[in-house]
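Examining the three-dimensional arrangement
What follows is each chain in one-letter form.
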Amino acid sequence: MARNRVRKGRPLDGWLVIDKPTGMTSTAVVSILKRAFNAQKVGHGGTLDPLATGLLPIAMGAATKTVPYIMDGTKRYHFTLKLGEARDSDDADGNVTATSDVRPTDEQLRQAAADLTGDIMQVPPVFSALKVAGERAYDMARDGRPPELPPRPARIDRFVLIDRPDADHAVFEVESGKGVYMRSLARDVALACGTVGHIAVLRRLRVGPFTEADAISLDKITESAEEGPASPELLLPVSTALADIPAVALMPDEAALIRHGQALGLMDFIDRIPETGPDDVVRMMDGEVVLGLGRLDEGWLKPVRLL
């Protein structure tokens, strides 16, 4: 008789927002935290490049169910564009592929950033995790076979020049939706100004409802784990990830039906329905308890993810 596979570690549920140090992959951070907490199930809410620092939301247990909603949230970044050098990875970790003596003015940089704001088409960096015919683009690039990646839709909500330390460097702030590559933005703003460039410094400041105020250093976690598994008290509630999603308050009998996966007719609580778009989800609440997420569809509230 087959035995059920038993997961190793503690069954922890919640979010941890790490201030990722530079030079480390997001996967490496997950591995360190899985050991530090002796946790059964750990994932992350949006990859950061090794060069990048800043917010890396870490999901444990039931929180992994809410990762897609974190990744859909607004993200804020600061990056420093190094002008005059193109690199194959579009950041400082890559090899120089072209140079230029052209140094745009502040006004040229502002205009290029404005032109790249809104709904745009963006060509991802060849050093990315996208798959081409079953292979990762970065593996192909490392093998000397950089793929031709087609442009993809991207939404840039804000893209502004915030500092110009010298002629060779420009600092930008960006707010964007999911799937936007800051390395591509840096490359493209330089090209739009008639020169080349790459990201020298990149920091993520916000992911969905998480801000720098929620962040904790990786060193603090690993130091606390030296005398035993890190404390679950460091975790934020699973529902924290859903704080940006409009809420609908349910009565006890309605909540009971939702818990059993049943849909509710909207006419019974039309006055409690928040304003949403046609494809938006809502946070279903039983008092202060988040039951999960539902979608308003053709006169019904249908549960799509129960926590």
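To be clear, the structure that these remarks concern was listed above.
The following refers to the structure shown.

What counts, and at which threshold
Residues numbered from 1 in each chain as written. Predicted model: local features only at pLDDT ≥ 70, side-chain atom pairs only at ≥ 80, totals over all residues. Heavy atoms only, no water. Helix = DSSP H or I, 4+ residues; strand = E, 2+ residues; numbered from the N terminus. Buried < 20%, exposed > 50% of the residue type's maximum accessible area, 1.4 Å probe, protein only. Contact = heavy atoms within 4.5 Å. Areas by Shrake-Rupley, 256 points an atom, 1.4 Å probe, with all protein chains shown as cover. Pairing = 2+ DSSP bridges. Phe/Tyr/Trp six-rings, centres within 6.5 Å; stacked < 30°, edge-to-face > 60°.

Before going further, it helps to examine the overall build of the chain. When you go through the chain residue by residue, the secondary structure sums to seven helices and 19 strands. Across its three principal axes, the chain shows a C-alpha extent of roughly 70 × 50 × 40 Å. Looking at the 307 residues of the chain, the share that counts as buried comes to 44%. Counting only contacts in the chain whose residues sit at least 6 apart along the sequence, the fraction spanning at least 24 positions is 69%. Accessible area of the chain: about 15700 Å², with a carbon and sulfur share of 50%.

With that settled, consider the pairing of strand β1 (residues 14-20). For β1, a buried count of six out of seven residues is recorded, marking the element as mostly surrounded by other parts of the structure. Strand direction decides the pairing type here: β1 and strand β3 (residues 53-60), joined by seven bridges, are antiparallel. Bridge assignment links Leu16 to a residue of β3, and that residue is Ile58. Pairing of β1 with strand β14 (residues 216-217), which is carried by two bridges, proceeds in the parallel orientation. Directly across from Asp19, in β14, lies its bridge partner Ser217.

Attention now moves to the packing of aromatic side chains. Tallying each qualifying case throughout the model produces four aromatic pairs. Taking 5.1 Å as the distance between ring centres and 55° as the angle between the ring planes, the aromatic pair formed by Phe159 and Phe172 counts as tilted. Within this pair, whereas Phe159 is found in strand β10 (residues 152-166), its partner Phe172 is found in strand β11 (residues 169-176), the two being separated by 13 residues in sequence. In this pair, the class of Phe159 matches that of Phe172, namely buried.

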